[in-house]
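# Observations on the three-dimensional arrangement
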Amino acid sequence: MLHFPEPFKIKMVEPIRKTSKGERLSILKKASYNLFLIPAEDIFIDFLSDSGTSAMSDSQWAGLMQGDESYAGSKSFYRLEQAVRDIFGFRHFIPTHQGRAAEHILFSTVLRPGDIVPNNTHFDTTRANVELQDAIALDLVEEKAFKPEYIHPFKGNMDLEKLEKTIQEKGPEKIPLCMITVTNNSVGGQPVSIKNIRASKEVLSRYGIPLFVDACRYAENCFFIKEREQGYKDKSVLDIAKELFSYADGATMSAKKDGLVNIGGFLALNSDEIFEKVKQKLILIEGFLTYGGLAGRDLEAMARGLYEALDEDYLAHRIGQVRYLGERLIRGGVTIIQPPGGHAIFIDAKSFLPHIPQKDLPAQALVAELYLEGGLRTSEIGTVMFGKKDATGAVIYPELELVRLAVPRRVYTNNHLDYVAQVIRQVYERREEIRGLRIISESPTLRHFTARFEPLEAAAAAGNK
Ligand code: F0G
């Protein structure tokens, strides 16, 4: 079969800087082994996030020039409204500057202390925004999500039994809404099937609980549905998206992912009552109803990006590129979450570094080592991000210890990906030499952004084995 390359050509380039290993070691030390603290110009390939890092198209750049900067009633707002209505179908929408602002506006409006929000898996800002209201964020993803090498087409699915049991035990009055995150970022960018969303909606409807979709990567999720779910191969991704959202009462969206923009988001919903309340809050904390914390040009770029992200040649390339990277790692013997997700490859750090116990932060140690080896920036999704302390101060460890390679959209070629795979394979070959890290300072919430680390001494590391 003919191999198709990227369905775009490159009109503008941004040089990236190679550094020596010696330089990288001193950069790493200066940043206290936290890659969030390294200046981007010292990074060669940046896989920290696929969020807001996309390359915009010529049409989007042209749209920036045509953005209408009117304070109220901007033409660009109406174009965005049209796109949101067309694709998502909800009655109301408000633009926000990014996804977490939509989350904050929604949760601070509908949650009361002690309420519960079930989700297949909360993203970290989503969880933090629920907890900010003194409510409880419950992750109810199916158990198979926790087996990295287990292959299943829809490993992001909500566990329907757990969902119903939670409602019965806690009482529907304690659950003002349920969320489903597509794709399920925190367990590997794994998709959720339409069948699972429809069935979740059926359960929730029996108890009068609304369903909201965390829609950041909905286009990628819908492409997986087209590829993998029975009955969908002849449907367009747009039609699949329309069906998906028809089962929901609202959605929060970070357009920094499947909106193909560098900034932007929205909250869309059907309830007139909630809409009245969130409108007031939007004006208070983001801006007037027709710009919501964004410039008119940002609204314009988002309106165009939302359609571009549904282009099926683009999606085949996008999903194919992430898969391409995954396959190269698997061939090198590296254990990754299988099958490869939509936006990222997740390396299983526990099996990459079996000699480093979880308390010595194997995923963070691997993140640091990949930078040292080849200038890669990846992120830790393990104890640093999700580790909690109980009342006695003992650490509660997360199930998975992962390193995420989030691939920005339309930014890197497969040549870059070959280089990345080579770097990781080289580190894999000398993995016994890698030592753990310890935290020397941290903040009380979302500590992964600012924590400082130091390498464990060889002797101390040996004592841990
Ligand atoms: N929900 C999910 C599933 C996300 O992945 C993100 C962001 C958000 C909500 C929040 O959106 O950043 O626009 O405020 N994820 C980024 C990431 C940061 O790197 O995975 P935001």
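The preceding data block contains the structure.
It should be emphasised that the depicted structure is a prediction, and the values quoted were computed from it without experimental measurement.

## A look at the nonpolar core
Phe88, Tyr218, Phe245, Phe266 and Leu306 are the most contacted members of the largest nonpolar core, which totals 62 residues. When residues of this core are sorted by domain, at least three fall in each of domain 1 (21-50 + 311-464) and domain 2 (58-308). When near neighbours in sequence (up to four residues on either side) are disregarded, leucine 306 contacts Leu80, Ala83, Val84, Ile87, Phe88, Tyr218, Met253, Asp258, Gly259 and Phe266. Membership of the second largest hydrophobic core comes to 48 residues, among which are Ile27, Leu28, Phe44 and Leu437.

## Some details on the environment of serine 441
Looking at where serine 441 falls in the secondary structure, it is placed in strand 15 (residues 437-441). The exposure class assigned to serine 441 is partly exposed, which follows from its relative accessible area of 31%. Sequence separation of serine 441 and leucine 269 is 172 residues, and the distance between their C-alpha atoms is 41 Å.

## Description of the site of the ligand
Taken together, 18 residues are adjacent to the ligand, and Arg100, Asp214, Ser254, Lys257 and Arg404 come closest. Take arginine 100: an N or O atom from its side chain is 2.7 Å from an oxygen atom of the ligand. Between the ligand and lysine 257 there is a distance of 3.0 Å, counted from a nitrogen atom to a side-chain nitrogen or oxygen. Computed on the free molecule, the ligand has an accessible area of 470 Å², of which 94% lies beneath the protein chains in the complex. Among the secondary structure elements, those contributing two or more residues to the shell around the ligand are helix 4 (99-110) and helix 5 (124-131). Here the element with the most residues in the shell around the ligand is helix 4; it accounts for 3 residues. Here the residues of the shell around the ligand sort into 2 nonpolar, 9 polar and 7 charged.

## Remarks on the side chain of glutamate 308
By secondary structure assignment, the location of glutamate 308 is in helix 11 (residues 296-308). Residue glutamate 308 is classed as buried on the basis of its relative accessible area, which comes to 17%. Once residues within four sequence positions are removed from consideration, glutamate 308 is found in contact with Ser57, Ser59, Gln60, Leu260, Tyr314 and Arg410.

## Remarks on the packing of helix 3 (residues 75-88) against helix 11
Relative to each other, helix 3 and helix 11 sit at 25°, their axes nearing to 8 Å. With respect to helix 11, the element helix 3 is oriented roughly parallel. Considering only the axes of helix 3 and helix 11, their crossing is left-handed. Within the contact between the two elements, helix 3 uses Ser76, Phe77, Arg79, Leu80, Gln82, Ala83, Val84, Asp86, Ile87 and Phe88 and helix 11 uses Gly296, Leu299, Glu300, Met302, Ala303, Leu306 and Tyr307. Classifying every residue of the contact of helix 3 with helix 11 gives 11 nonpolar, 3 polar and 3 charged.

## Quick look at the pattern of salt bridges
Close approach of charged atoms lets side chains of opposite charge pair. Evaluated as defined, the whole model comprises 39 salt bridges. For arginine 430, the salt bridge is made with glutamate 369, and the minimal N-O distance between the two is 2.9 Å. Here the residue arginine 430 occupies a position in the loop between helix 16 (414-429) and strand 15, and glutamate 369 occupies one in helix 14 (residues 362-374), the gap between them amounting to 61 residues. Classification of arginine 430 by relative accessible area gives buried; the value is 18%. Owing to a relative accessible area of 15%, glutamate 369 belongs among the buried residues under this scheme. Between lysine 389 and glutamate 442 there is a salt bridge, with the nearest N and O atoms lying 3.5 Å from each other. Remark: glutamate 442 occurs in the loop between strand 15 and strand 16 (452-455) and lysine 389 occurs in strand 12 (residues 388-389); sequence separation between them is 53 residues. Given the relative accessible area of 39%, glutamate 442 is considered partly exposed. The structure contains a network of salt bridges with shared partners spanning Asp50, Arg217, Glu220, Asp258, Arg318 and Arg409.

About the cut-offs
Residues numbered from 1 in each chain as written. Predicted model: local features only at pLDDT ≥ 70, side-chain atom pairs only at ≥ 80, totals over all residues. Heavy atoms only, no water. Core = buried A, V, L, I, M, F, W, Y, C linked by side-chain atoms within 4.5 Å. Buried < 20%, exposed > 50% of the residue type's maximum accessible area, 1.4 Å probe, protein only. Domains from an automatic or database assignment. Contact = heavy atoms within 4.5 Å. Helix = DSSP H or I, 4+ residues; strand = E, 2+ residues; numbered from the N terminus. Near = heavy atom within 4 Å. Polar contact = N/O pair within 3.5 Å; in protein donor to acceptor, adjacent residues only side chain to side chain. Areas by Shrake-Rupley, 256 points an atom, 1.4 Å probe, with all protein chains shown as cover. Nonpolar A, V, L, I, M, F, W, Y, C, P; charged D, E, K, R; others polar. Axes fitted to C-alpha atoms, helices over the stretch in contact; angles between N-to-C directions. Parallel < 35°, antiparallel > 145°, perpendicular 65-115°, else oblique. Left-handed = near helix turned anticlockwise from the far one by under 90°. Salt bridge = Lys/Arg side-chain N within 4 Å of Asp/Glu carboxyl O.

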